[in-house]
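# Structure at a glance
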Amino acid sequence: MVNIYDTANQMEEDLRQTNEFIALKGAYARLKQDPLAFTMFKKFQQHQIEFQKKQTDGSLKDSDLEELKKLGEQIEKNPAIMELMTKEQQLAKLMDEVNQIMFKPINELYQDQQN
């Protein structure tokens, strides 16, 4: 019997060695060297979390969206944050591709059921 947790743990180790993760790690280290940019990034992250919570519990207001938009506009002007976000997107693309591979048996199963 296959121990899928061993495979998952190996994938975690392998992920740390990908170019995408190494690039993200480097971008994050550079961001941390800029205290203003790092503080702005952390503030944006916190606002995103609060936004999602409010969206989930139905207490979201237009002012919440406006505040997040303003922060987003400030972030777009910061090269260090934009570099981090670009590297994060590249890693997310890789993770999406891996996810598609992992769910291939389930997708095939359902496609077989439809025919």
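Under the annotation held in an unreviewed UniProt entry, the chain carries the name UPF0342 protein BSQ50_07590 and is attributed to Liquorilactobacillus nagelii. Its UniProt record gives the chain the following Sequence similarities (unreviewed entry) comment, quoted word for word: "Belongs to the UPF0342 family."

### Some words on the packing of aromatic side chains
Within this structure, the stated rule accounts for 1 aromatic pair. Between the aromatic rings of Tyr28 and Phe38, the centroid separation amounts to 5.9 Å while the plane-to-plane angle is 65 degrees, which identifies the pairing as edge-to-face. Remark: Phe38 occurs in helix 3 (residues 35-57) and Tyr28 occurs in helix 2 (residues 19-32); sequence separation between them is 10 residues. Its relative accessible area of 29% is what places Tyr28 among the partly exposed residues.

### Structural notes on the nonpolar core
Counting 16 residues, the largest nonpolar core has Leu31, Phe41, Phe44, Ile75, Ile81 and Leu84 as the members making the most contacts within it. Listed by contribution, the elements that provide at least two residues to this core are helix 2, helix 3, helix 4 (62-76) and helix 5 (79-102). Those residues within four positions of Phe41 in sequence are excluded, and the remaining contacts are Tyr28, Leu31, Ile81 and Leu84.

### Brief notes about the pattern of salt bridges
If you walk through the whole model with that rule in mind, you get 5 salt bridges. A salt bridge links Glu12 to Arg16; its shortest N-O distance comes to 2.6 Å. For Glu108, the salt bridge goes to Lys104, with nearest N and O atoms at 4.0 Å. A residue pair is termed a helical-turn pair when its members lie 3 or 4 positions apart in one helix, as Glu108 and Lys104 do in helix 6 (residues 104-114) at 4 residues. Here Glu108 falls in the partly exposed class, since its relative accessible area comes to 41%. When its relative accessible area of 47% is taken as the criterion, Lys104 is described as partly exposed.

### Looking at a negative patch on the surface
A cluster of acidic residues, Asp62, Glu66, Glu73 and Glu76, forms a negative patch at the surface. Turning to its location among the elements, Glu76 is positioned in helix 4.

About the thresholds
Residues numbered from 1 in each chain as written. Predicted model: local features only at pLDDT ≥ 70, side-chain atom pairs only at ≥ 80, totals over all residues. Heavy atoms only, no water. UniProt positions renumbered as here; feature names shortened; annotations may be inferred. Phe/Tyr/Trp six-rings, centres within 6.5 Å; stacked < 30°, edge-to-face > 60°. Helix = DSSP H or I, 4+ residues; strand = E, 2+ residues; numbered from the N terminus. Buried < 20%, exposed > 50% of the residue type's maximum accessible area, 1.4 Å probe, protein only. Core = buried A, V, L, I, M, F, W, Y, C linked by side-chain atoms within 4.5 Å. Contact = heavy atoms within 4.5 Å. Salt bridge = Lys/Arg side-chain N within 4 Å of Asp/Glu carboxyl O. Patch = residues over 30% accessible without salt bridge, like charges linked within 9 Å, V, L, I, M, F, W, Y side chains within 5 Å. Areas by Shrake-Rupley, 256 points an atom, 1.4 Å probe, with all protein chains shown as cover. Lys, Arg positive; Asp, Glu negative; His and termini not counted. Charge placed at Lys NZ, Arg CZ, Asp CG, Glu CD.

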